[in-house]
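Structural overview for review
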Amino acid sequence: MKRIFKKKNVALTNKLKGAIAEISIDVFGYEKKISQNIISYTEHIATWQQIPVERLYLRIYQEQHKVLSYLYDQDVLMKEIPTDELAYFFLEDSIAGLPNVRNKIAYSIKKYLKEFATANHICDQDVQIWLNVKQGVVTVKAFHKEKYIKEISLLSLIKYFK
C-alpha cells in the first residue's frame, strides 16, 4: 500500500517521534516510592528546622567528577548534604543505610547528568538539578549553571538507580 500523506505530515511525524521518546512508564510504581521517600525525608528536615517544607530546595551537581549536593532554605544555603545522607532522600532508611548504596547513588546521578548534558549540548559539570516539594509533589528542575533549562520528570532521574 502506498503512503499518501508522507510528504504533508513530516513535521507531525517528527513531533510525535520527539514526544514518544520522552514517554516513560513506571510499571512497578518505582517513581511513586522514590517520590514518597523524597517527600518524607524533606518533611523530616523541615520539621527539624521548623520551616515549611516548600522552602527547602536540594541542589545536586558535580564538580571535578564528584557529586555534590546542598540543602537550601529558599536561596539561603543551609548545609552540604554528604552522599551518605543523599541516599536517604531517594531510598528507604533500611536500604539507604547499606554500605555500597551511596556509591550507587553517586554513580547514577553522574550518569544522568552526563546523559542530560549530552542531550542538551552542554558540559556535564555545568548541569544542576534542583528538587523541591510543593503541595505534596516533587518537582525536579534542570539548570545550565544559573540558567533554567526545563522541568524534568523524577522518573527520568531515578531510572539510573535501578
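These numbers come from a predicted model, not from an experiment.

1. Here we look at the side chain of Gln-128
If you trace the backbone, Gln-128 turns up in strand 4 (residues 127-134). We classify Gln-128 as buried; its relative accessible area is 8%. A polar side-chain atom of Gln-128 sits 3.0 Å from a polar atom in the side chain of Arg-59. Those residues within four positions of Gln-128 in sequence are excluded, and the remaining contacts are Arg-59, Ile-60, Tyr-61, Lys-141, Ala-142, Phe-143, Lys-145 and Glu-146.

2. Examining the layout of surface pockets
Taken as a whole, the second largest pocket spans an internal volume of roughly 180 Å³. Taken together, Tyr-57, Tyr-72, Gln-74, Asp-75, Trp-130, Asn-132, Lys-134, Thr-139, Lys-141 and Phe-143 make up the lining of the second largest pocket. Among the elements of the structure, strand 4 and strand 5 (137-144) are those that each provide at least two residues to the lining of the second largest pocket. Its residues assigned to classes, the lining of the second largest pocket shows four nonpolar, three polar and three charged.

3. Notes on the pattern of salt bridges
Taken as a whole and judged by the stated rule, the model has three salt bridges. Asp-73 is the partner of Arg-55 in a salt bridge, and the nearest nitrogen-oxygen pair spans 2.7 Å. Residue Arg-55 is located in the loop between helix 2 (30-49) and strand 1 (56-63), and its partner Asp-73 is located in strand 2 (residues 66-73); the two are separated by 18 residues in the primary sequence. Residue class for Asp-73 comes out buried when judged on its relative accessible area of 16%. The residue Asp-84 makes a salt bridge to Arg-102 at a minimum N-O spacing of 3.1 Å. In this pair, Asp-84 sits in helix 3 (residues 83-90) while Arg-102 sits in helix 5 (residues 101-119), placing the two residues 18 residues apart along the sequence. Judged by its relative accessible area of 38%, Asp-84 is partly exposed.

4. Some remarks on the side chain of Asn-132
With respect to the helices and strands, the residue Asn-132 is situated in strand 4. A polar contact is formed between the side chain of Asn-132 and the backbone oxygen of Leu-56, at a distance of 2.6 Å.

What counts and how
The numbering scheme is per chain: residues are counted from 1 as the chain's sequence reads. The model is predicted, so local features are restricted to residues of pLDDT at least 70 and side-chain atom pairs to those at 80 or more, both for listing and for counting; the totals for chains, interfaces and linings are taken over all residues. Here the side-chain values reflect all heavy atoms present in the structure, with hydrogen atoms and water set aside. For the purposes of this entry, the term helix denotes a DSSP run of H or I that reaches at least four residues, the term strand denotes a run of E that reaches at least two, and both are numbered from the N terminus. Whether a residue is buried, partly exposed or exposed follows from its accessible area with a 1.4 Å probe, protein chains only, as a fraction of its type maximum: under 20%, in between, or over 50%, in that order. Contacts described as polar in this section are N or O atom pairs within 3.5 Å, which, within protein, must combine one atom able to donate a hydrogen with one able to accept it, while residues neighboring in sequence count only if both atoms come from side chains. Here, two residues are considered to be in contact whenever any of their heavy atoms come within 4.5 Å of each other. Here a cavity denotes a set of grid points, spaced 1 Å apart and computed over the protein atoms alone, in which a 1.4 Å probe fits but from which it cannot get out, and a pocket denotes an open set meeting protein on both sides within 12 Å along at least five of seven lines; residues with an atom within 4 Å of a point are reported as lining. Grid points are joined across faces, edges and corners, and a volume is the space filled by probe spheres set on the points. Put simply, Ala, Val, Leu, Ile, Met, Phe, Trp, Tyr, Cys and Pro go in the nonpolar bin, Asp, Glu, Lys and Arg in the charged bin, and everything else, Gly too, in the polar bin. Salt bridges are defined as contacts in which a side-chain nitrogen from Lys or Arg sits within 4 Å of a carboxyl oxygen from Asp or Glu.

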